[in-house]
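Coordinates in review
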2 protein chains.
Amino acid sequence: MRRFVVVGHRASTSPGFPLDDLAGGAGRMDLLLNAANAALLVSHDIRRDAEITLVLLGPPDPPVAIRLAGERLQSYSPDIRTDAGLVRAALERVSRIEREASPGVFVSRRGLAEVLDGIQDPLVELREDGKDIREVELPRDVAFVLSDTTDLTEEEEATVSRKRIAVCRVGPRSIHTDDAIAITHNELDRRHPP
Amino acid sequence: MRRFVVVGHRASTSPGFPLDDLAGGAGRMDLLLNAANAALLVSHDIRRDAEITLVLLGPPDPPVAIRLAGERLQSYSPDIRTDAGLVRAALERVSRIEREASPGVFVSRRGLAEVLDGIQDPLVELREDGKDIREVELPRDVAFVLSDTTDLTEEEEATVSRKRIAVCRVGPRSIHTDDAIAITHNELDRRHPP
């Protein structure tokens, strides 16, 4: 299983966040949903061996973790506006214990530390100043943690650094989260064909 | 300069295409605009040395070429709904001779063949059954042509094959157009730092 965890520092935790303003009023929910597309979708199919957890830390009621599991998702759309509807519906059902709000869409009251505690696979931090991913040994089952447009906070970085096995960068330029995920998948697809 | 050309076989050529249904009613305009993001954007900045031409072939009035030039764009948004507004405005001003509808957004009545005729750089076709991009020599100034969710038609393929210097794949899996562009940029960023 390949897992991705993306921290959305401003991402809305309101089930009423605006579908017409995912980049603004919803706190860069567009970035998180584009990341989900990169993590979960291939041409005409879903990656059944992948999942992504979006850690929503924006107002009004953080934290919330939305976990999208490729093996359970049905007809997940590349249209992020449609996917935003799934996230909104999940935000109606937040509870301490994770529950499945719709097929493949899991929701819980968890922040980054608790999400990482629930992951047993080796954890790799993706960050611009890491080691070139092409030169790092990566197991088939692996988890990656990334931030949104802002760096992880000191506290988040401390949490991650206690669990990670490596810090990697995907290339020489600082790029968008979804592009970094696409490149990471590509590297793993080459090393560990399904 | 790195250039990308993406063929949108169903992409709407109506200036009134629906902003709320980019994936459906607008003929997968979402796919084209996600491709534009991957081609043009890095973290907090625009790639000034990149451009992408979207070849719109859907109803009611094809073909139309929308060329987004990184060196001229001002405040291009990662929010595809906002970018769709730029495309709609450009579709109000289609003419045989290319004109700049807004800064960095050029529009013309051109199909794939005419768009490729206007490109002097070596052309590479990105296709699933090509040679691994990591094993192909690529110059700094290069153009790539890709299709949307469907393969190029026989006629398009013939047009491309007359001009291309290589057919490449980005990896072992068939992936989305925007992800393929992100991986292509990454490969070139590694070989030809800005």
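Located above this text is the structure these notes cover.
Read on for an overview of the structure.

Quick notes on the rules
- Residues numbered from 1 in each chain as written.
- Chains lettered and ligands numbered in written order.
- Predicted model: local features only at pLDDT ≥ 70, side-chain atom pairs only at ≥ 80, totals over all residues.
- Heavy atoms only, no water.
- Pairing = 2+ DSSP bridges.
- Helix = DSSP H or I, 4+ residues; strand = E, 2+ residues; numbered from the N terminus.
- Axes fitted to C-alpha atoms, helices over the stretch in contact; angles between N-to-C directions.
- Contact = heavy atoms within 4.5 Å.
- Salt bridge = Lys/Arg side-chain N within 4 Å of Asp/Glu carboxyl O.
- Polar contact = N/O pair within 3.5 Å; in protein donor to acceptor, adjacent residues only side chain to side chain.
- Core = buried A, V, L, I, M, F, W, Y, C linked by side-chain atoms within 4.5 Å.
- Buried < 20%, exposed > 50% of the residue type's maximum accessible area, 1.4 Å probe, protein only.
- Expected span 1.5 Å × (residues − 1).
- Least-squares fit on C-alpha atoms with pLDDT ≥ 70 in both.
- Parallel < 35°, antiparallel > 145°, perpendicular 65-115°, else oblique.
- Left-handed = near helix turned anticlockwise from the far one by under 90°.
- Nonpolar A, V, L, I, M, F, W, Y, C, P; charged D, E, K, R; others polar.

Some points on the sheet that holds strand β5 (residues 64-69) of chain A
Residues and elements named next belong to chain A. On the basis of which strands lie adjacent, the open sheet formed by eight strands has the order β6-β7-β5-β4-β1-β9-β8-β10 and mixed pairing. Of all strands in the sheet, those with a lone pairing partner are β6 (99-102) and β10 (164-169), marking the two edges. Recorded for the sheet is a direction-independent mean angle of 30° between the axes of neighbouring strands. As paired strands, strand β1 (residues 2-8) and strand β4 (residues 50-56) are joined by seven bridges and run parallel to one another. Pairing of V6 across the sheet is with L54, part of β4. Set on the sheet, helix α2 (residues 80-91) makes contact with β4, β5, β6 and β7 (105-108); between it and β5 the angle comes to about 130°.

Considering the interface of chain B and chain A
Listed per partner, the contact involves 33 residues of chain B and 33 residues of chain A. In this assembly, chain B and chain A are joined by six salt bridges. Applying the counting rule to chain B against chain A returns 14 residue pairs in polar contact (both at pLDDT 80 or more). Of all the secondary structure elements, the ones that give two or more residues to the side of chain B that touches chain A are α1 (29-40), β2 (41-42) and α5 (177-191) of chain B.

Quick word on the nonpolar core
In this structure, I52 and I66 of chain A together with I52 and I66 of chain B are the most contacted members of the largest nonpolar core, which totals 99 residues. With residues up to four places along the chain from it excluded, the contact list for I66 of chain B reads I52, T53, L54, L56, V87, A90, L91, V105, F106 and V107 of chain B.

Examining helix α5 (residues 177-191) of chain A
Spanning 15 residues, α5 of chain A covers 21 Å between terminal C-alpha atoms, matching the ideal 21 Å at 1.5 Å per step. The buried fraction of α5 of chain A amounts to 13 of the 15 residues, a majority that puts the element mostly inside the structure.

Points about the sheet that holds strand β6 (residues 99-102) of chain B
All names here are of chain B. Taken together, the eight strands give an open sheet; going across it, the order is β6-β7-β5-β4-β1-β9-β8-β10, and neighbouring strands pair in mixed fashion. In the strand order of this sheet, the two ends are held by β6 and β10 (164-169), each with one partner. Between one strand and the next, the sheet's axes are offset by a mean angle of 30°, whatever the strand orientation. The pairing of strand β8 (residues 123-132) with strand β9 (residues 142-147) spans three bridges and is parallel. When the sheet's bridge partners are listed, L123 is paired in β9 with A143. Lying on the sheet, helix α2 (residues 80-91) is in contact with β4 (50-56), β5 (64-69), β6 and β7 (105-108); it crosses β5 at an angle near 130°.

Side note on the relation of the copies chain B and chain A
Under the fitted operation, chain B is carried onto chain A by 0.0 Å of movement along the axis and a turn of 180°, and the coordinates agree to an RMSD of 0.0 Å. The transformation just described matches what one would write down for a two-fold rotation axis. Within chain B, the C-alpha atom positioned nearest to the axis of rotation is that of I183 of chain B, 2.8 Å from it. Interface residue correspondence from chain B to chain A reaches 100%, placing this contact among same-surface, isologous pairings.

Observations concerning the pattern of salt bridges
Enumeration over the complete set of coordinates arrives at 42 salt bridges over all chains. Among the salt bridges present, the one from R81 of chain A reaches D20 of chain A, with a minimum N-O distance of 2.3 Å. Note that R81 of chain A is positioned in helix α2 and D20 of chain A in the loop between β1 and α1 (29-40), a separation of 61 residues in sequence. Classification of D20 of chain A by relative accessible area gives partly exposed; the value is 37%. Residue E125 of chain B is joined to R127 of chain B by a salt bridge in which the shortest nitrogen-to-oxygen separation is 3.4 Å. We classify R127 of chain B as partly exposed; its relative accessible area is 29%. Several salt bridges converge on common partners, so that one network encompasses R3, E51, R67, E98, R110 and D121 of chain A.

Focus on the packing of α1 of chain A against α5 of chain A
Residues and elements named next belong to chain A. Between α1 and α5, whose axes approach to 8 Å, the crossing angle comes to 10°. Classed by the angle they form, the pair α1 and α5 counts as roughly parallel. Between α1 and α5 the crossing geometry is right-handed. Along its contact with α1, which presents L31, N34, A35, A38 and A39, the element α5 presents T177, D178, I181, A182 and H185. Here the contact of α1 with α5 is composed, by residue class, of six nonpolar, three polar and one charged.

What about the packing of α1 of chain A against α2 of chain A?
Residue and element names in this part refer to chain A. Running from N to C, α1 and α2 point in directions that differ by 100°, and their axes come no closer than 10 Å. Classified by the interaxial angle, the pair formed by α1 and α2 is roughly perpendicular. In contact with M29, D30, L33, N34 and N37 of α1, α2 contributes I80, D83, A84 and V87. Its residues assigned to classes, the contact of α1 with α2 comprises five nonpolar, two polar and two charged.

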